[in-house]
Structure formats: structure tokens, C-alpha cells
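# Chains, contacts and geometry: an overview
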Number of protein chains: 2
Amino acid sequence: MSTPPSGPDPTAGPQSSVASQRIAAELREAILAGQIPPGTRLYQEEIAERLGASRLPVREALRILEAEGLTESQANRGARVPLRTMREVEVLYRMRERLEPLALHESLADLPDSTVDRLTEIQEQIEANDDVTGFVTLDREFHLLTYSACPIDTLLATVVTLWNSTQYYRRAFMLYRGQGERWIINAEHRLLLDAIRRRDRIDTERYLAGHIRRTRQELVRHPELFAPSAP
Amino acid sequence: MSTPPSGPDPTAGPQSSVASQRIAAELREAILAGQIPPGTRLYQEEIAERLGASRLPVREALRILEAEGLTESQANRGARVPLRTMREVEVLYRMRERLEPLALHESLADLPDSTVDRLTEIQEQIEANDDVTGFVTLDREFHLLTYSACPIDTLLATVVTLWNSTQYYRRAFMLYRGQGERWIINAEHRLLLDAIRRRDRIDTERYLAGHIRRTRQELVRHPELFAPSAP
DNA sequence: CTGGCACAGAATGGATCCATCATCAAGAGC
DNA sequence: GCTCTTGATGATGGATCCATTCTGTGCCAG
């Protein structure tokens, strides 16, 4: 469950010496940015041609992304970006409510003060920014950075996978209805940031769980953002 | 995050039409049975020759297993079965404590009565059996069967990955010190089974969380089963 | 005797070519 | 007119060959 030396780094840029990882990074970025929406069929040959490689590393890249929850594939039937139902996304959020507080707990002791300062900067950028796409990117960077000192690779990788799997719908919600939520998110982030600075394990877990829980409840109030339940 | 049509089935036998999946199934079985212990280097060529295929599907199989937590690989440095530290296994158990009750919760409503009967049979086999390897296999079958009706593939796959990642150490513990624990496990299983039959969501989650938690506490009392913390 | 460097062997990563399977459209039969 | 079958097309899966990178050993210098 690790591609670069120290776990899959979702913020890593698309420069890697190994082609399959470079391709995976390019596709990852495009999918997370919403440029390749759920349901899109991914053709090996097209990707290979566009990114200047043969089909083989593309196949490996698709396997890597599959492990990260960004694509899915069936034998002889190709790969696509998963279309998720509302119920599925809801349960993914419930998983996040349970796992991310644990990841933060495990990360908290080893989180250097410099990272806490960086978190504060990001939060200031979030508050200054009013572009939705920029917000989603910064929000992701903020939260994943709080987990960055977690020493357990599997836990971190699982959390990243859950973020990957829900991010598209999160952006869709923010574009559609989320502007009014901004002040709540900022308040929650400020409380969380303060608890992190105090290294308070109880408070960090509580604020974080509440933050995710509230987001889930907002999301499920908009079924129109999702694929129908019965495919 | 799915190899056969409906998610990765860890109990599926090694007969598959697609070679990479067949190879992954063979290796999965061998690793889970403890025949390939943690730390073992896996050579593509050797596996390819032994299982009658070329190296290419072996590479794909190793990627599949990597996603399931059964192998790890670094660029140009090959694949191996991960060696986990005690701290790592402890956190993996904490993840299980949080996720498996959720999986059971989501599975419970759709779990057919016939499956509950099958669970009872398995528990009777567990009680009649005194071979440790047989116990570990049956115990895995029992728990994973309780989750089998969970409609969310990602949740199920994550739970299976966590089982895969901890199973070796679980067996090592049972071989080493676990025989006296058998009656406690049986009592816990009976309570869980009864709650499942009653479709009691609260009790199932409580008994299951307690069961996993107690197992974790037993495991961490035996640091000698694990790799040292500082590699 | 120790440490660094260079070279040889081996294993992994990638490209190209071929076989197999799924999909879709057109036609025959009912 | 509808359905089932059959064939053509295109995409995926697999095998072989070549390039690249890592590892370990042996030699030489300090």
C-alpha cells in the first residue's frame, strides 16, 4: 500500500522517474480536480498516447489508482471512474468519521510545530479565498496535513482513499449549495486548529468527528448530486 | 477496488479465467495460510515459473495483493510480504475496532436467515476443533460471513484488507499462547451470534467491538511475536 | 586492516506484437 | 414487427525481448 518510498503522497507532483507512477499521478490529479467525472470510461490506448508512454505502464497505473479508490475495472471490460450512490457516499463518510479521528490521534504527538504554523497559513488562505475549486483543494491540503505525521502507513493510505472517493461529491455540493456553509467550516477549522496546537487528543477527536458528521448530514440533503440507488 | 464482478472475495478459490487474478488468488491463499511469512522476498520470475505464466500477470497480481495489504513493493526493489511492528499491528486492530462494527451494522439488515444458520454451524465447528490452523481459518470465515451482506464494496474491501494485514500475527499468537483463550472466544462468538439472530444493532456493535478490543490487548502483551519498532 | 570504488550479475520496468474477449450492428427466422 | 444469432470491430490481457537500475563482491588505495 505504498508507491513512493514513504506511502502514497497525494500531493506529490507528477514528476517521478517511474513511468507508471508518473502516469498515476497525472490521472490522480485530473480525477481529483473533477476534470474526469465519475462514470467516464478510461481507455488505455488514449491515455498512453496522451501521456507519451506505452499501454503497459498505463495498466499498472490504473491498478494503482484502483487501490486508491479513484478508478474501478472489470476483466476485459476496461476501467472507469466509479459512479457512487448517495448511500455509498454516506457510508464512506461514516468510515471517515471513525478513522480520521484515529489518524489525527496517532499523528498528533509527532506533528512538528512548523506544520502547525503551516496549517494556520492554509486556514488563512481558505478564509481569504472565495473560489470553490480553490477551497476544495486547500481544505484537502489542510486536513491531510494534520494526518501527515501518522506513523502507520496503512491508516494514512486508507484515509487518503476515503478522501479520494468522496472528494468529487464534496466539490459538487460546495459548487451547488456550499457557499453559505463557509463560515461554519471556518469556525470548525479554527476550533480544530486550536485543539491541535494545545495537543489535546480528546478535543481534536471530538471537533474532527463533529466536522465530518455535519458535512455528511449536509451532503445527504441533496440526493440530486448522486447516481440513483438502484442501478 | 474490485477484481471479480462483486468485490474481492477472499474465500474464492484459485480458479479464475484471468491469469493475474488466478495468480493473485494462489498467492493470497499461501500468504494467509502463513506459508509465506512476513519479510519474504517475492521474485516475479520464480512465481511465474511455479504457477505457469509469464512475469507480466505476476506483476499485476502483486499490485492487486498490494492493494489488499498482503504485499508491498518499491520501485526497482521488488516485492515482499510486509513485516509489521507491534505498534503497527496495534493500530490496525484499533482500525478494526472502529470499522468492523460499522460493517456489521450495514450488513445486518440484509443478512439472510440461511447465513445466520451457517454461522451457527461454523461456530459449532470452531468449538469442536482443537487445531490452531483450523481455528484461524474458521474464525476468519465466521467474521467475514457476518459482513457478507454489507452493500458498500469499499467498506467490505477495507475490512478484508485489515484482516489480511493482521492474520499472520493472530495465528502466531494463537499458536504461541492462545489455547487458553478459546473458551473466551467461544463465549464472545455465542453472544455475538445471539445478537445477530435478534438483529440487535446496538448489541452486535458492542459485542464485536469488545471482542476485537480484547484480542488487541492480548496481542500487545507479546511483543516477541513482532518485528522490532526501530528498523 | 578498513573504507571506498568499480564492475559483474541479476532482477525489475518498459515497448512491441499477438491472442482473446466484449460490444454492437445487421440479417435471418419466427 | 420482434427476437435471436452471427459476424465484424475494437479494446483488453498475455508473451517475449530489450533497457535500466539495484546489489553484492572483489580489488585497490589509504
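Residues numbered from 1 in each chain as written. Chains lettered and ligands numbered in written order. Predicted model: local features only at pLDDT ≥ 70, side-chain atom pairs only at ≥ 80, totals over all residues. Heavy atoms only, no water.

- The name an unreviewed UniProt entry assigns to chain A is GntR family transcriptional regulator, from the organism Micromonospora zingiberis.

### Comments concerning the interface of chain B and chain A
- Contacts between the two partners involve 37 residues from chain B and, on the opposite side, 37 residues from chain A.
- Surface buried jointly by chain B and chain A totals about 3,400 Å² across both partners, of which 56% is contributed by carbon and sulfur atoms.
- Across the contact surface, chain B and chain A share seven residue pairs in polar contact (both at pLDDT 80 or more).
- Among the elements that line the side of chain B that touches chain A, the one with the most residues is helix H4 (residues 86-108) of chain B, at 11 residues.
- Looking at the side of chain B that touches chain A residue by residue, the classes come out as 16 nonpolar, 10 polar and 11 charged. (Contact = heavy atoms within 4.5 Å. Buried area = accessible area lost by both parts, 1.4 Å probe. Polar contact = N/O pair within 3.5 Å; in protein donor to acceptor, adjacent residues only side chain to side chain. Helix = DSSP H or I, 4+ residues; strand = E, 2+ residues; numbered from the N terminus. Nonpolar A, V, L, I, M, F, W, Y, C, P; charged D, E, K, R; others polar.)

### Thoughts on unusual backbone geometry
Residues and elements named next belong to chain B.
- Residue Asn76 is not a glycine yet carries a positive backbone phi of 60°.
- Here Asn76 is to be found in the loop between strand E2 (72-73) and strand E3 (79-80).
- A relative accessible area of 82% means that Asn76 is categorised as exposed.
- With a phi angle near 55°, Arg199 is a residue other than glycine that sits in the positive phi range.
- With respect to the helices, strands and loops of the structure, Arg199 is situated in the loop between helix H8 (182-197) and helix H9 (201-219). (Buried < 20%, exposed > 50% of the residue type's maximum accessible area, 1.4 Å probe, protein only.)

### Focus on the protein's contact with DNA strand D
- The immediate surroundings of DNA strand D are formed by 17 residues, with Gln44, Arg55 and Arg59 of chain A together with Ala19 and Ser54 of chain B found nearest.
- Within 4 Å of the protein, the contacting atoms of DNA strand D are 68% sugar and phosphate, with bases supplying the remainder.
- With respect to DNA strand D, the side chain of Gln44 of chain A contributes an N or O atom lying 3.2 Å from a phosphate oxygen.
- Going through the elements one at a time, strand E1 (41-42) and helix H3 (55-67) of chain A together with helix H1 (19-32) and helix H3 (55-67) of chain B are the ones with two or more residues in the surface near DNA strand D.
- Residue composition of the surface near DNA strand D, by class: seven nonpolar, six polar and four charged. (Near = heavy atom within 4 Å.)

### Notes on the relation of the copies chain B and chain A
- Superposing chain B onto chain A takes a rotation of 180° plus a shift of 0.0 Å along the axis, which leaves an RMSD of 0.1 Å. The relationship between the two copies is best expressed as a two-fold rotation axis. Distance from the rotation axis, computed per C-alpha, reaches its smallest value in chain B at Ala67 of chain B: 2.5 Å.
- Interface overlap between copies: 100% of the residues of chain B at the interface are likewise at the interface in chain A, consistent with a symmetric, same-surface contact. (Least-squares fit on C-alpha atoms with pLDDT ≥ 70 in both.)

### Looking at the pattern of salt bridges
All names here are of chain A.
- Taken as a whole and judged by the stated rule, the model has 44 salt bridges over all chains.
- Measuring nitrogen to oxygen at the nearest pair gives 3.9 Å for the salt bridge that ties Arg63 to Glu66. Of the two residues, Arg63 and Glu66 are both situated in helix H3; the distance of three residues between them amounts to about one turn of the helix. The pair formed by Arg63 and Glu66 is uniform in burial state, with each residue classed as buried.
- A salt bridge links Glu97 to Arg216, with the nearest nitrogen and oxygen atoms 2.6 Å apart. Taken as a pair, Glu97 in helix H4 (residues 86-108) and Arg216 in helix H9 (residues 201-219) lie far apart in primary sequence, 119 residues in all. The pair formed by Glu97 and Arg216 is uniform in burial state, with each residue classed as buried.
- In this structure, a network of salt bridges that share partners links the residues Asp194, Arg198, Asp200, Asp203 and Arg206. (Salt bridge = Lys/Arg side-chain N within 4 Å of Asp/Glu carboxyl O.)

### As for the sheet that holds E2 of chain B
All names here are of chain B.
- The strand order E1-E3-E2 describes an open sheet built from three strands, whose pairing is antiparallel. The open sheet has two edge strands, strand E1 (41-42) and E2, and neither has a second partner.
- Where E1 lies against E3, two bridges are found, and the strand directions are antiparallel. Each bridged residue has a counterpart across the sheet, and for Arg41 the counterpart in E3 is Arg80. (Pairing = 2+ DSSP bridges.)

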